[in-house]
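Residue strings, one per chain:
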Amino acid sequence: MRVRDVVRLSWGTLIRTRLRTVMLLLATAIGVAAVVMLTSLGEAARRYVTAEFSSLGTNLIIVLPGRSETSGSGLTLLAGQTPRDLTVRDAIALERISAIDKVAPVVLGAASVQWGGLEREVPVFGSTASFLEIRNWSMERGQFLPPGDPERPSSVAVLGMKLKAELFGDTPAIGEWIRIGDRRFRVIGLLATEGRTIGIDVQDVAIIPVASAQQLFNTESLFRIITSTHSREDMERARDEIRRVITERHQGEEDITAVTQDAVLATFDRIFGALTLALAGIAAISLAVAGILIMNVMLVAVSQRTAEIGLLKALGAARRQIMTLFLAEAIMLSFIGAMAGLLVGQGGSWMIGRLYPVLPLGPPAWAPIAAVAIAVTSGVVFGILPARRAAALDPVEALAGR
Amino acid sequence: MIELAQVHRVFQVGDQEVHALDGVDLTIAAGEYVSLMGPSGSGKSTLLNIIGLLDRPTAGTYRLNGRDTTTLSDDEQARARSENIGFVFQFFHLVPRLTAAENVELPLVLAGRAPVDRRPMVETAIDQMGLNERAHHRPDQLSGGERQRVAIARATVMRPGVLLADEPTGNLDTTTGKEVVQIIEALHTAGMAVIVVTHDPQIGGRAERSLTMMDGRLVEDVRRRA
Ligand SMILES: Nc1ncnc2c1ncn2[C@@H]1O[C@H](COP(=O)(O)OP(=O)(O)OP(=O)(O)O)[C@@H](O)[C@H]1O
Ligand SMILES: [Mg+2]
């Protein structure tokens, strides 16, 4: 039999049993579309997080209180150990390391910000002048925190644009006195930057000098210290130096974690990669289900078309040919279904992309290929049993309708 | 061309054995016109199916064109069927979703013939059966007689040596039945061997050779001059 004839005959059957065909196509299409859309979401999440991290700034080493397993992700804190606090003096000590360019100690808390009878609870960062450059942020208006001794408090504040708009509306804010918690601060600048950092909306924060924040939140300890190196090549050396300096200052105990941005990125990359794979796996199950459905329906088709199979044998068809015909039907069903699923999946991804423009949607390259491959493979695998059954039919009994 | 020697066919029904064929010896030459009669259940269809290679004897030998068929593989058997044998059934057995012409084309498709070779062969077969007007009709748009003519066209499109017809008129009224018999006889005149199973003595009597079966045995073999 010629391939063209096999396709033509199978196609004819599919067309004739339209409802059955549409149902099976749907089952396969949903499976493939699910793989494409779910992996596309997982991949979008990965790209989104990666992009967020890259926007933090370059050549960063983040120093966190608490020792952690540095071998793996660099994020899992060792349980059961109360770490020594990181202090502003630790930060000052780090500035002396030659490989390090800038150091910004960070205190983080939440406080209410008031002006003219309006009040808003926002995250408050305490830091130094270096924070702006390290973070790659920019100013809309006015100045950032002035350089100076980080241990001296000063009553100045920088506001995000959203916070400014909520409190001041169109009124100019620079030079105004606001109240943060129980203290008064003068607004000296407005941040231009948009976006999020560690889950916080940058437009909705207040930034004050680190010593002032320590007084405000009544704490000596830092949330973290962010440092930047002169170049990418300095990262390794700087990290070792940071560990050495802090260990020296902490009575010989290495009770901090120095995370490079690369390590964080790699971790998230891995987490989201695994997530995408898991989603793909779940979706692939629906493909197997579609395969089983195809098998069931093909088995029914075999018993419905017994007489026809007997006839084909009487007309000179060998077992092999009967198998080919039935397998071709199953494969065509799964292949066309897979193609329809690809279209639907891409369309769905596109629609989600329109609804949530921040998500960089698009499935990883392997996903559509894998989905189609799995669909067609399941068509073959689950088509074999019905095809064999058809081929094994006794033509005499088949023709007699017994 | 057909040589059967001591052919048995035993069916196992539950724990009972049914001897559908019980030692049949039969030789049919090329181009013969043979009718096969006998009471219901006497084994006529079983014999025809074995001759047509749709069934295998439980014991005995069957040689087709001098070749022992019992040792053939499935592929070889299908080849032999495709090249040597045409089947016509009581219930037509047309594929309902294919047109008359497509039904006739099926054996050529299964044999892997190229589309260019197929077209003239299909046209000739359809034309011979007087089905030109009906070539592109589906079976459900055809009368019983037309359907059986399509089936005959399909059985003969590969120009087989033998045409096997199992009660070809069993489902037709007398007039259309007569037409179908005339068509079959025309094929015989053109050189094809024909074996017709029938319950109608009038039809059976028209053949040059009449076989009668009873309880799985050949009990009568009558030849008459044409
Ligand atoms: N597949 C089968 N399984 C069991 N018994 C069978 C089978 N096929 C035929 N038989 C038995 O073999 C015997 C001969 O059957 P066969 O169909 O050849 O008879 P027949 O002469 O063609 O009868 P009819 O004129 O009714 O068509 C019958 O007793 C039948 O019941
Ligand atoms: Mg019969």
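Can you help me understand the sheet that holds strand β5 (residues 67-68) of chain B in this one?
Backbone-to-backbone hydrogen bonds pair the strands of a sheet. The strands run either parallel or antiparallel. Residue and element names in this part refer to chain B. Pairing is antiparallel in the open sheet, where 4 strands are placed in the order β2-β1-β4-β5. In the strand order of this sheet, the two ends are held by β2 (16-28) and β5, each with one partner. Each of β1 (2-13), β2 and β4 (59-64) touches helix α1 (residues 44-51); the most contacted strand, β1, lies at about 120° to it.

What am I meant to see in the pattern of salt bridges here?
Pairs can form between side chains of opposite charge once their charged atoms are near each other. The tally for this structure, following the rule as stated, stands at 33 salt bridges over all chains. Between R120 of chain A and D204 of chain A there is a salt bridge whose closest N-O contact spans 2.7 Å. Placement of the pair is R120 of chain A in strand β3 (residues 118-127) and D204 of chain A in the loop between β9 (200-201) and β10 (206-209), with a sequence separation of 84 residues. Note that E179 of chain B and R149 of chain B form a salt bridge whose closest N and O atoms lie 3.5 Å from each other. Of this pair, E179 of chain B sits in helix α6 (residues 174-189) while R149 of chain B sits in helix α5 (residues 144-156), placing them 30 residues apart in sequence. For R149 of chain B, a relative accessible area of 15% corresponds to the buried category.

Is there a simple way to explain a nonpolar patch on the surface in this structure?
Residues and elements named next belong to chain A. A cluster of nonpolar side chains, namely V3, V7, W11, I15, F335, I336 and M339, defines an oily patch on the protein surface of about 610 Å² accessible area. When contributions to the nonpolar patch are tallied by element, the ones reaching two or more residues are α1 (3-16) and α10 (319-355). At 4 residues, the largest contribution of residues to the nonpolar patch is made by α1. Along the polypeptide, F335 turns up in helix α10. The exposure class of F335 is partly exposed, given its relative accessible area of 39%.

How should the interface of chain A and chain B be read in this particular structure?
The parts lose accessible area when they come together, and the size of an interface is often stated as this lost area. With 26 residues of chain A in contact, the opposing surface of chain B contributes 26 residues. Surface buried jointly by chain A and chain B totals about 2400 Å² across both partners, of which 59% is contributed by carbon and sulfur atoms. In this assembly, chain A and chain B are joined by 4 salt bridges. Salt-bridge contacts for R118 of chain B lead to D5 of chain A; the nearest nitrogen and oxygen are separated by 2.7 Å. Summed over the shared surface of chain A and chain B, the result is 10 residue pairs in polar contact (both at pLDDT 80 or more). Looking at the side of chain A that touches chain B, the elements with two or more residues in it are α1, α9 (306-314), α10 and α12 (395-400) of chain A. Of the residues in the side of chain A that touches chain B, the class split is 12 nonpolar, 4 polar and 10 charged.

Before we go on, may I ask you to explain unusual backbone geometry in this structure?
The bulk of non-glycine residues show a negative phi, and the bulk of peptide bonds are trans. Residues and elements named next belong to chain B. A positive phi angle, close to 50°, is found at N65, a residue other than glycine. Along the chain, the position of N65 falls in the loop between β4 and β5. Phi at R159 takes a positive value of approximately 50°, unusual for a residue other than glycine. Tracing the sequence through the fold places R159 in the loop between α5 and β7 (162-166).

Would you explain empty space enclosed by the protein in this entry?
The gaps of empty space that remain are located by a probe, the size of a water molecule, rolled over the atoms. A full pass over the atoms with the stated rule returns 6 cavities of 30 Å³ or more. Empty space within the largest cavity amounts to approximately 140 Å³. Residue lining of the largest cavity: 14 residues in total, with L9, E308, L312 and L325 of chain A together with R97 of chain B positioned closest to the centre. Here the element with the most residues in the lining of the largest cavity is α10 of chain A; it accounts for 4 residues. Residues that form the lining of the largest cavity fall into these classes: 8 nonpolar, 2 polar and 4 charged. If you add up the space inside the second largest cavity, you get close to 60 Å³. Lining the second largest cavity we find A314 and L315 of chain A together with S82, I85, G86, F87, P107, R154, A155, M158 and P160 of chain B. Taken together, the elements giving at least two residues each to the lining of the second largest cavity come down to β6 (85-88) and α5 of chain B. Take the lining of the second largest cavity: its biggest share by element is 3 residues, from β6 of chain B. Looking at the lining of the second largest cavity, its residues break down into 8 nonpolar, 2 polar and 1 charged.

Could you clarify how one ought to interpret the side chain of T21 of chain A in this entry?
Residue and element names in this part refer to chain A. With respect to the helices and strands, T21 occurs in helix α2 (residues 18-54). Residue class for T21 comes out buried when judged on its relative accessible area of 8%. When near neighbours in sequence (up to four residues on either side) are disregarded, T21 contacts L14 and L333.

Would you explain the packing of helix α3 (residues 100-110) of chain B against helix α4 (residues 115-128) of chain B in this entry?
For any two helices packed against each other, the geometry comes down to the angle between their axes and how far apart the axes lie. Residue and element names in this part refer to chain B. In contact at an axis separation of 10 Å, α3 and α4 are set at 125° when each is read in the N-to-C sense. The angle between α3 and α4 places the two elements in the oblique class. The element α3 and its partner α4 pack so that their crossing is right-handed. Two secondary-structure elements touch here, α3 through A100, A101, V104, E105, L108 and V109 and α4 through R118, M121, V122, A125 and I126. Looking at the contact of α3 with α4 residue by residue, the class counts come to 9 nonpolar, no polar and 2 charged.

Which parts of the structure should I look at to understand the site of ligand 1?
Around ligand 1 sit 16 residues in total, of which S40, G41, K44, S45 and T46 of chain B are the nearest. The local environment of ligand 1 is shared, drawing residues from chains A and B. A distance of 3.0 Å is found between an oxygen atom of ligand 1 and a side-chain nitrogen or oxygen belonging to H199 of chain B. Considered on its own, ligand 1 offers 630 Å² of accessible surface; in the complex 73% of this is hidden by protein. Ranked by residue count, the leading element in the shell around ligand 1 is α1 of chain B, at 3 residues. Here the residues of the shell around ligand 1 are counted per class, giving 5 nonpolar, 7 polar and 4 charged.

Rules used throughout
Residues take numbers from 1 onward in each chain, read along the sequence in its written order. Both sets of labels track the order of writing: A upward for chains, 1 upward for ligands. Where local features are concerned, this predicted model is filtered to residues with pLDDT of at least 70; where side-chain atom pairs are given and counted, the filter is 80 or more; whole-chain, interface and lining totals use all residues. By convention in this description, side-chain values take in all heavy atoms of the structure and omit both hydrogens and water. For two strands to pair, DSSP has to find at least two bridges joining them. Secondary structure counts use DSSP, requiring at least four H or I residues in a row for a helix and at least two E residues in a row for a strand, with both numbered from the N terminus. The contact definition used throughout considers only heavy atoms, calling two residues in contact when any of these lie within 4.5 Å. Orientation is described by axes fitted as lines to C-alpha atoms, over the contacting stretch for helices, and by angles from 0 to 180 degrees between their N-to-C directions. For this document, the term salt bridge refers to a Lys or Arg side-chain nitrogen within 4 Å of an Asp or Glu carboxyl oxygen. The buried label applies to any residue whose accessible area, calculated with a 1.4 Å probe on protein chains only, is under 20% of its type's maximum; exposed applies above 50%, and partly exposed to all values in between. In this scheme, patches are assembled from residues that exceed 30% relative accessible area and form no salt bridge. Like charges are connected within 9 Å, while nonpolar side chains (Val, Leu, Ile, Met, Phe, Trp, Tyr) are connected within 5 Å. Only the protein chains shown count as cover for residues, and all accessible areas are computed by the Shrake-Rupley method using a 1.4 Å probe. A 1.4 Å probe defines the accessible area here, and the buried area is the portion of it lost by two parts on being joined, summed over both. Between N or O atoms, a polar contact is any pair within 3.5 Å; within protein, one atom must be a potential hydrogen donor and the other a potential acceptor, and residues adjacent in sequence are included only when both atoms are from side chains. In this classification, the charged set is Asp, Glu, Lys and Arg, the nonpolar set is Ala, Val, Leu, Ile, Met, Phe, Trp, Tyr, Cys and Pro, and all remaining amino acids, among them Gly, are polar. Only protein atoms enter the 1 Å grid used here, on which a cavity is any set of points holding a 1.4 Å probe that cannot leave and a pocket is any open set flanked by protein within 12 Å on both sides along at least five of seven lines; residues with an atom within 4 Å of a point are listed as lining. Grid points are joined across faces, edges and corners, and a volume is the space filled by probe spheres set on the points. If an angle is under 35 degrees, it is roughly parallel; if it is over 145, roughly antiparallel; if it lies from 65 to 115, roughly perpendicular; otherwise it is oblique. Left-handed describes a crossing whose near helix is turned anticlockwise from the far helix by less than a right angle; the clockwise case is right-handed. When we say a residue is near a molecule or strand, we mean one of its heavy atoms is within 4 Å of it.

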